[in-house]
Amino acid sequence: MKMFSVSHKTAFVVDHCPYMAESSRQQVECDVLTKSRGQGMIPLAPVSKSLWTCAVECSMEYCRILYDVYPLKKLINYIVSDSEFHILNSWRQEDQSTHELMSALAAVGPPNPQEDPECCSVLHGLVAAVESLCKITEYQHEARTTLMDTADRVANRGRIICLTNAKSDTHVRMLEDCVQETILEQNKMAAGSDRLMSIQQCELVLVHIFPQGEDTLVSDRPKKEVSSLLTSEVHSVRAGRHLATKLNILVQQHFDLASTTITNIPMKEEQHANTSANYDVELLHHRDAHLEFFKSGDLHMAGSTSRDSGLKETVTLKWCTPRTNSVELHYCTGAYRISPTDVNSRPSSCLTNFLLNGRSVLLEQPRKSGSKVISHMLSSHGGEIFLHVLNSTRSTLEDPPSISEGCGGRVTDYRITDFGEFMRENRLTPVPESPDTEASGKPPAERAKAQLERYTRYWPMIISQTTIFNMQAVVPLANLIVKESLSEEDLLTCQKTVYNLVDMERKNDPLPISTVGSRGKGPKRDEQYRIMWNELETLVKTHVAGSERHQRVLDCIIACRSKPPEEEERKKRGRKREDKEDKAEKSINKDSEDKSWQESERLKGALERGKEEQGESEVIKDSPDSPEPLNKKPRLDEIQLPEKAKGPVSLLTMWTNRITVANSRKHQEFAGRISSVNNKAELYQHLKDENGMDLHENGKATR
Amino acid sequence: MPTVVLMDASLSMTRPVSLEQCSEELQRKNLAVAGLTMLFEHMANNYRLEFTSLVAFSSLWELLVPFTRDYNTLQEALSNLEDYDKTCLESALHGVSNVVQQEWGHACPTQVVLVTDGSLGIGKGSLRHSLQTLKGRPEDKKFPLPFPFPAKLFIMCIANAEELQMTDTMHNLEQLLQLNGGDGQIFTMEGQLCLKSVQSMFGRLIDEVYSPFPAVLRCGNLASDVQVFPRPEPVFLDEEIDPMPRHILTEVDDVGPGTTEEPEEETSANQQAGKVPNFCVLLHGSLKVEGMVALVQLGPEWYGMLYSQADSKKKSNLMMSLFEPGPEPLPWLGKVSQLGPISDAAENPYGEDDSKSPFPLQPKIKRSYAQNVTVWIKASGLQTDVQKILRNARKLPEKTQTFYKELNRLRKAALAFGFWELLKGVAELLERECTLLPDTAHPDAAFQLSHAAKQLKLASTGDSQYAAFDQNINPMHTDFSGGGAAGM
């Protein structure tokens, strides 16, 4: 259906003239006396609805069905006409509800039979309806604004449904002519206005209502063209249930609806709770839900029956005992909103409540052959019930190949769990629309995409590609670094994570480095840490542009990690040297690791003042940029010891340290002293090393 | 999208192709077979997942190969094709229509490839005759076009355009296309009829219709090249406002996982790459394990979802379902552009232990069946409502709240419908109930009944003081109801 078809705007014009106060002569007994009571009692006289009441309740029923099936974009403008017109609502979407209309109708009240019939006419309302059709709706406005240059593509069409009591066919013709003239007049006015649109097509549906037991003075007439702008049709209907049926048919025609009757609904009896009888419930919905039946000509086979003297067609589908699994959804080809025809009958409300409570019902197409074909499903989403169309024929998607047959299908160590966690962190939530947020930043969906971008800057897909994401210790930092902005607290957490890693390295904790693809024991531990630090740096580097605090996390890592790259290079070269030299080198490496730990401790101390004992403040000169001396181990332990408990380092100590360090550079330090702890050096370390024992044991002792 | 190959097996197909430079003698049929072989080979390599069937026709039609993914079978049937009598296209098209409907129903878009030499029969049963007698046919003898399912008709003529234009064949074929709603194309051979020209013709068909649909699936910086089966077709939204078809962008953006119809399928080709980690496999694995779906953006205001679809117990693959184009494809998700990251929310809307969900969104106004609406179109509706009031009236004062709730509901509806007579009637009924109260009744009951009756009568006058829609009749405060201060 086109967005701006005739159905976009419907103007209801209901006659409020004195003659509408006349009784419909359809009587309703509302005093139902039971046998036990009311003996010898005179029952209350039956009440009867006026023509007005009939017109109003049937038009409200039309609106109810329409709003149920089309909550948006199909608009109603309700107009009441007597000596003047009363417009009860506007085209605005928020005015579109039966409650609004009922409230306005209550304010109007029934027609006043005492009013002078001479000055009352439905014409006032019809003129107002034409004027109203020229008014632009918010949807038309929006479409025109978006289309810009091609705004003329937005059409203005509409329908006027007039409920009245006409006097004769001539009277009807007069009404038609009047509408035609008004359209021409209004179109002229609209041509010169921004807020009005001229009418391109108008459908006038005149419903003549007359009391029961009377003969009609107006004849039925199918749709005919009054002019290129206006078509008109006349329905002459008795008040009461005939009118209700007529409007029910009209709402189906006007909005492409179709009817489905759910049959065999088992329902507990009110009186006998342990028995259940089968009931039928009729639902209205968009007719596309029956497309398969229409196309196949199966309509009659599917149990189409005519009700209400052949005026109405409905497709009968059989209730299937509800199933819990919703696999069927995968072959669902469409979902359509429904509205029960008889909304407050007990079977209807039982069915709708059952569905609103989250249950689903499969519907079966009755076939003569006896084969069972499930063609539809009823289920609710967010307080709305939808009729789902299920594909009952073969699917072209059957037997798809396994994903493991495709690209990357043979890889077995995907970080499935991690990505699941990633997805959960990146789930979406509806953000209420507000003008302020729009002005201030990106729309929520763009923010969601930006978050995905940040979260995936460094995201290795397989376990063997990563070290840091396999380490519990890195988690706090990895979770925080992807954030758009870091708080001071976040920064602290990141730094703590880094110190923790330094600590691990000092303790020489094993790392979960993948040995896949490498022979033997895999890389040596210091190499492992080098890989880990490099990876951590890669991760953090992708975020440094984010904020100054992100940069500080990187600074912290660079400051804390064991070696600047040049040193690494040197170390590598060192390995190739002779055995003896190699050993010496190793002890130096070990020592420097030790020192970096000390530095981190210093930084930690600066952050958590006095919490951690601290001594080696000489590392101040140990910036990653400064060249590392071969013999950089200062021997300050004795001097430092008394100060350890004192917390922050004094200026004097710093100065002294600096001088000491400067001095120590001037001579080659003994290898033993370099690796000593508290001036005690362990002998024959290399033996231990070669036996694969923890050579950093002595490092721990400094604590 | 399944394909039906409709192969002309009439005698005219055996006409030899006059060719000087060619050593062995070729029939038109041989050319047709060569062309189709090329098509089948292409599909076996690039469209393994598509279903194809082969129908041969002359004056009768026969389903040689039902819909299959096995292109060897198709090829085999093609090479064993025998020669029959005259061409009768109408019955063959009926055949195609039946074959497709039986297999796929009416919703599945299908491609029909008709291969013919362009001599479309003579006399009764010829295309010319069929087209001339289109009008005034009885319901059960309608021409099979347009098909009852969405179909594209491709006519492969083993003839060149000049040859076809000499007779009215071209005109008739064009008419055929029009009958199908203009969906399709006529292909003719260029230059001399030979293997080369038939291959170039089928090459054009392949390029236009059977080219694969490569795309990139992106999730932030993670990306994967994918191929989409079946190929998504452009969509017309509203020919009035938006006369251009909507195409899917080939850069597919994975917006982020959200919460649950039209499936499309997606798989990656190129098997050598099985050992290189692929984002699709990762995504599929995690979606499967977590039982989640991912929202995917296919273009401006066009979305879909990705999920793991398992056909059998062992095999599963990543599926993409396309939603109707538009900013709000699923009402219970709201506008997709308004879906933001959970980190924006003050507290996790899914709850710390995943016990909650911000979905589904509830509509602003409840549907009629979800609110207690009043409809009196059937007398029974009105009777039920009145009886409900009377039932509660007899159980006063215990049922005071329900009594007034039902009374006010009836009052509202009666006022809106201008049904003042009913208000008076119910007032009388309440007064009568009052007189019928047993001696043992609570004294409050009589007070409440006469109060309610009085209020209804006042409302039935239409006096704005008493007949306001949003006003309710409140229970009367009596000494018995424990309110203390009695208010009359």
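Per an unreviewed UniProt entry, chain B goes by Integrator complex subunit 14 and derives from Oncorhynchus kisutch. The annotation that UniProt attaches to chain B under Sequence similarities (unreviewed entry) is "Belongs to the Integrator subunit 14 family." Here chain B is described in UniProt, under the heading Subcellular location (unreviewed entry), as follows: "Nucleus".

An unreviewed UniProt entry lists chain A under the name Integrator complex subunit 13, with Oncorhynchus kisutch as the source organism. In the Sequence similarities (unreviewed entry) part of its UniProt record, chain A is described as follows: "Belongs to the Integrator subunit 13 family."

Participant: Give me the interface of chain A and chain B: which residues, what numbers.
Facilitator: Each partner contributes to the interface: chain A provides 119 residues, whereas chain B provides 121 residues. Taken over both partners, the interface formed by chain A and chain B buries close to 11,000 Å², and the fraction arising from carbon and sulfur atoms is 61%. On the chain A side of the contact with chain B, Ile403(A), Arg427(A) and Leu428(A) bury the most area, a combined 7% of that side's loss. A salt bridge links Glu290(B) to Arg424(A); its shortest N-O distance comes to 2.8 Å. Scanning the region where chain A abuts chain B turns up 29 residue pairs in polar contact (both at pLDDT 80 or more). Sort the elements by how many residues they give to the side of chain A that touches chain B and helix 1 (residues 51–69) of chain A lands first, with ten residues. Residue composition of the side of chain A that touches chain B, grouped by class: 58 nonpolar, 31 polar and 30 charged. Sheet analysis places strand 18 (residues 428–430) of chain A next to strand 16 (residues 339–341) of chain B, joined by three bridges and oriented antiparallel.

Participant: Can you tell me about the packing of aromatic side chains, naming the residues and giving the values?
Facilitator: Residue and element names in this part refer to chain A. For the coordinates displayed, the defined rule picks out 20 aromatic pairs over all chains. Aromatic pair Phe 12 and Tyr 62: ring centres 5.0 Å apart, planes at 85°, arrangement edge-to-face. Separated by 50 residues along the polypeptide, Phe 12 in strand 1 (residues 9–15) and Tyr 62 in helix 1 bring together distant segments of the chain. Between the aromatic rings of Phe 422 and Tyr 455, the centroid separation amounts to 6.2 Å while the plane-to-plane angle is 65°, which identifies the pairing as edge-to-face. Of this pair, Phe 422 sits in helix 9 (residues 416–425) while Tyr 455 is found in helix 11 (residues 444–455), placing the two residues 33 residues apart along the sequence.

Participant: I'd like a description of the sheet that holds strand 8 (residues 184–189) of chain B, backed by residues and values.
Facilitator: All names here are of chain B. Strand order in the open sheet formed by six strands is 5-4-1-6-7-8, with mixed pairing between adjacent strands. For this open sheet the edge positions go to strand 5 (61–68) and strand 8, each flanked by a neighbour on one side alone. Taking each pair of neighbouring strands and ignoring which way they run, the sheet shows an average axis angle of 15°. Across six bridges, strand 1 (residues 3–8) lies against strand 4 (residues 52–57) in parallel orientation. Note on strand 4: the bridge partner recorded for Asp 8 is Phe 57. Each of strand 4 and strand 5 touches helix 2 (residues 71–79); the most contacted strand, strand 4, lies at about 10° to it. Against the sheet, helix 6 (residues 169–179) touches strand 7 (151–160) and strand 8, its axis set at about 155° to strand 8.

Participant: Now, about the nonpolar core: what can you tell me, with residues and values included?
Facilitator: Counting 101 residues, the largest nonpolar core has Tyr78(A), Leu378(A), Phe403(B), Leu422(B) and Leu430(B) as the members making the most contacts within it. Looking at this core element by element, the count peaks at 13 residues for helix 1 of chain A. In contact with Leu430(B), not counting residues within four places along its chain, are Ile389(B), Leu390(B), Ala393(B), Phe403(B), Leu407(B), Leu449(B), Ala452(B), Ala453(B) and Leu456(B). By size, the runner-up hydrophobic cluster in this structure holds 66 residues, among which are Met423(A), Tyr458(A), Ile462(A) and Leu222(B).

Reading guide: rules and limits
Residues numbered from 1 in each chain as written. Chains lettered and ligands numbered in written order. Predicted model: local features only at pLDDT ≥ 70, side-chain atom pairs only at ≥ 80, totals over all residues. Heavy atoms only, no water. UniProt positions renumbered as here; feature names shortened; annotations may be inferred. Contact = heavy atoms within 4.5 Å. Buried area = accessible area lost by both parts, 1.4 Å probe. Salt bridge = Lys/Arg side-chain N within 4 Å of Asp/Glu carboxyl O. Polar contact = N/O pair within 3.5 Å; in protein donor to acceptor, adjacent residues only side chain to side chain. Helix = DSSP H or I, 4+ residues; strand = E, 2+ residues; numbered from the N terminus. Nonpolar A, V, L, I, M, F, W, Y, C, P; charged D, E, K, R; others polar. Pairing = 2+ DSSP bridges. Phe/Tyr/Trp six-rings, centres within 6.5 Å; stacked < 30°, edge-to-face > 60°. Axes fitted to C-alpha atoms, helices over the stretch in contact; angles between N-to-C directions. Core = buried A, V, L, I, M, F, W, Y, C linked by side-chain atoms within 4.5 Å. Buried < 20%, exposed > 50% of the residue type's maximum accessible area, 1.4 Å probe, protein only.

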